Amino acid sequence: MGNFPALSPARADGKGIAGNKGTNMADIGAYLKKHTEALVKDVGIEAACEITGKSKATLGRYYSDNAEHADRFMPVDAVARLEAVATYPHVTSALADLKNITLSYDGRNTEAPRTGGVNSDVIALSQRFAMLMTEYQAAIEDGIITVNEAKRLLKETSMLQQVLIEMKLHLEEESVS
């Protein structure tokens, strides 16, 4: 229990987990514990105890850096319950980082019904792509993409990604009905 699968640098650039060449199991454990602590503190220790049914001491062990607790991690169902009420999915984000996966988090309530359909998604996709291309054109005019321009491009790319996700969800709903 608490063991991670063997890891190898699988990226073409030679970097391993989370972009660090040679990351080992202890680094991964410390990284997850740091984010577990952030999750518990985000929710609040008392609320986290109530939500998970765990004691303060047990929750503390999940993010303790003491050697005796090195192999103790919060169960995934407890993480899911806490992230449902947290302001940010701390552990999910950390796990994505470990696999070099980029998540796009917009803070929306996923319980809210989706509006529109595929047709409106196609229109929104076209509009977002045009906005991305406009930002790109403005950014490359002088031949240099500045940090602020890169941030604007990243924001537009994330918005485009969100439209694609909405479109995917609408298509999945239509294929089931």
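Notes on the structure in this doc start here. (Residues numbered from 1 in each chain as written. Predicted model: local features only at pLDDT ≥ 70, side-chain atom pairs only at ≥ 80, totals over all residues. Heavy atoms only, no water.)

1. Digging into the nonpolar core
Side chains of a nonpolar character, in soluble globular proteins, are inclined to be buried together.
For step 1, the next point in the chain: Among the nonpolar cores identified, the biggest contains 14 residues, and Leu39, Val40, Val43, Ala48, Leu59, Met74 and Leu82 are the most heavily contacted of them.
For step 2, the next point in the chain: Elements with a contribution of two residues or more to this core: α1 (25-43), α2 (45-52), α3 (56-63) and α4 (76-85). (Core = buried A, V, L, I, M, F, W, Y, C linked by side-chain atoms within 4.5 Å. Buried < 20%, exposed > 50% of the residue type's maximum accessible area, 1.4 Å probe, protein only. Helix = DSSP H or I, 4+ residues; strand = E, 2+ residues; numbered from the N terminus.)

2. Focus: the packing of helix α6 (residues 118-140) against helix α7 (residues 147-176)
For step 1, the next point in the chain: Packing of α6 against α7 leaves a shortest axis separation of 9 Å and a crossing angle of 165°. Accordingly, the angle class assigned to the pair α6 and α7 is roughly antiparallel. As α6 packs across α7, the resulting crossing turns out to be left-handed.
For step 2, the next point in the chain: Broken down by class, the residue content of the contact of α6 with α7 amounts to 17 nonpolar, 2 polar and 8 charged. (Axes fitted to C-alpha atoms, helices over the stretch in contact; angles between N-to-C directions. Parallel < 35°, antiparallel > 145°, perpendicular 65-115°, else oblique. Left-handed = near helix turned anticlockwise from the far one by under 90°. Nonpolar A, V, L, I, M, F, W, Y, C, P; charged D, E, K, R; others polar.)

3. Let's talk about the packing of aromatic side chains
For step 1, the next point in the chain: This structure, assessed with the given rule, holds 0 aromatic pairs.
For step 2, the next point in the chain: Sitting above the plane of the Phe73 ring, Lys33 keeps its charged end 4.8 Å from the centroid. (Phe/Tyr/Trp six-rings, centres within 6.5 Å; stacked < 30°, edge-to-face > 60°. Lys NZ or Arg CZ within 6 Å of the ring centre and 35° of its normal.)

4. A short note on the pattern of salt bridges
For step 1, the next point in the chain: If you walk through the whole model with that rule in mind, you get 6 salt bridges.
For step 2, the next point in the chain: One salt bridge in this structure joins Asp77 and Arg81, with 3.2 Å as the shortest N-O distance. Taken as a pair, Asp77 and Arg81 lie in helix α4 at a separation of 4 residues, close to a single helical turn.
For step 3, the next point in the chain: The exposure class assigned to Asp77 is partly exposed, which follows from its relative accessible area of 40%. (Salt bridge = Lys/Arg side-chain N within 4 Å of Asp/Glu carboxyl O.)

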